[in-house]
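Structural overview for review
The residues making up each chain are set out below.
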Amino acid sequence: MRVAVLFGGRSAEREISLKSGEAVYQALREKGWDAVKIDVGPDVAERLREIRPDVAFIALHGKGGEDGSIQGLLEVLGIPYTGPGILASALAMDKIATKRMLTAAGLPTPPFITLEQNGAALESLAAQVLQAMPLPVVVKAPTQGSSIGMSIVKREEGLVPALSEAFRYDPVVLVERFIPGVEVTAAVLGNKRPVVLPLIEIVAAKGVYDYEAKYTPGMSDHIIPPRVDARLQEEIGAAALATYKLLGCRGFSRIDFIAGTDGKPYILEVNTIPGLTAVSLFPDAARAAGISFADLIEKLIALALGQEE
């Protein structure tokens, strides 16, 4: 079978996508697959028609690849693909839409507000934040991944620069209450019978799991199992599965949590195309479950073809 590895693209996460795609391509070659790399651009439909793959492996991160766009094109072309479909991808890519769904379903997520600039001064918007919730807060660009456009604000003077940074990427900004606790991520694998792989605690060298910490070797530690009590780990696993099903995910996704110091789990966001680099979390969780990287890639293709485990 021929596999088209879609990677690169034009999002702010292009460099990470190039690494993920190369890792996937090498794993497929190692396993003997007929794999072809496509750096996604305006000619992607033409390239796919030329190559005529049996399945596409999506290794794109961010807008244009993780938001339902490429999934829609592949649906039109009739090419099966890895990961969640159009709707789940679009919902998960928008952190505000995700949080509204979580809230409606009664699943735990930090309290939040949204802000639109619409000509308003940033100082005025900062005042709205202070009126709505106490510091510290987390300011996010809601349709970006890899912590792009994200800031943790502990002092009033940090609000305006944080809002300015987030508005660089999106016209609407998400501000949520900072929840103290342990960062934990849950990797979920499967279609009709999804399973939660071993949970991972994330410890960033400089205290914040930002872009640098995520993609620089030695800047973060992945601890399996996480250093939180068994009851809380069970609650995180259950909430991860509930979120996966709520959004209609398939194939794989990663759900990020804070295990709060109050003993409760809080869902932060859903990643429908988790990183697949040498320092990425999903492959680490798979290895802890006894699944090698190359076997994981093959498993994702099987799931894309509807071959349930």
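These numbers come from a predicted model, not from an experiment.

On to the pairing of strand 13 (residues 265-271), then. Where burial is concerned, most of strand 13 is hidden: 7 out of the 7 residues are buried. Bridge count between strand 12 (residues 252-260) and strand 13: 6 bridges; the pairing is antiparallel. Looking at strand 13, one finds that isoleucine 258 is bridged to tyrosine 266. Between strand 12 and strand 13, which pair antiparallel in sequence order, lie 4 residues; one of them, glycine 263, sits at a positive phi of approximately 85°.

By the burial criterion, the buried members of helix 4 (residues 86-93) are Ala88, Ser89, Leu91, Ala92 and Met93. Taken together, the buried residues of helix 4 touch helix 3 (69-77), helix 5 (95-105), helix 9 (230-247) and strand 13.

Tallied over the entire structure, the rule returns 1 aromatic pair. Ring geometry for phenylalanine 252 versus phenylalanine 282: centroids 5.2 Å apart, planes at 80°, classification edge-to-face. Of the two residues, phenylalanine 252 is situated in strand 12 and phenylalanine 282 in helix 10 (residues 281-288); the sequence distance between them amounts to 30 residues. Each member of the pair phenylalanine 252 and phenylalanine 282 is classed as buried. The cationic tip of lysine 37 hangs over the ring face of tyrosine 25; the distance from NZ or CZ to the ring centre is 4.7 Å.

Calculation rules
- Residues numbered from 1 in each chain as written.
- Predicted model: local features only at pLDDT ≥ 70, side-chain atom pairs only at ≥ 80, totals over all residues.
- Heavy atoms only, no water.
- Buried < 20%, exposed > 50% of the residue type's maximum accessible area, 1.4 Å probe, protein only.
- Helix = DSSP H or I, 4+ residues; strand = E, 2+ residues; numbered from the N terminus.
- Pairing = 2+ DSSP bridges.
- Contact = heavy atoms within 4.5 Å.
- Phe/Tyr/Trp six-rings, centres within 6.5 Å; stacked < 30°, edge-to-face > 60°.
- Lys NZ or Arg CZ within 6 Å of the ring centre and 35° of its normal.

In short, shape yes, function no, at least from these values alone.
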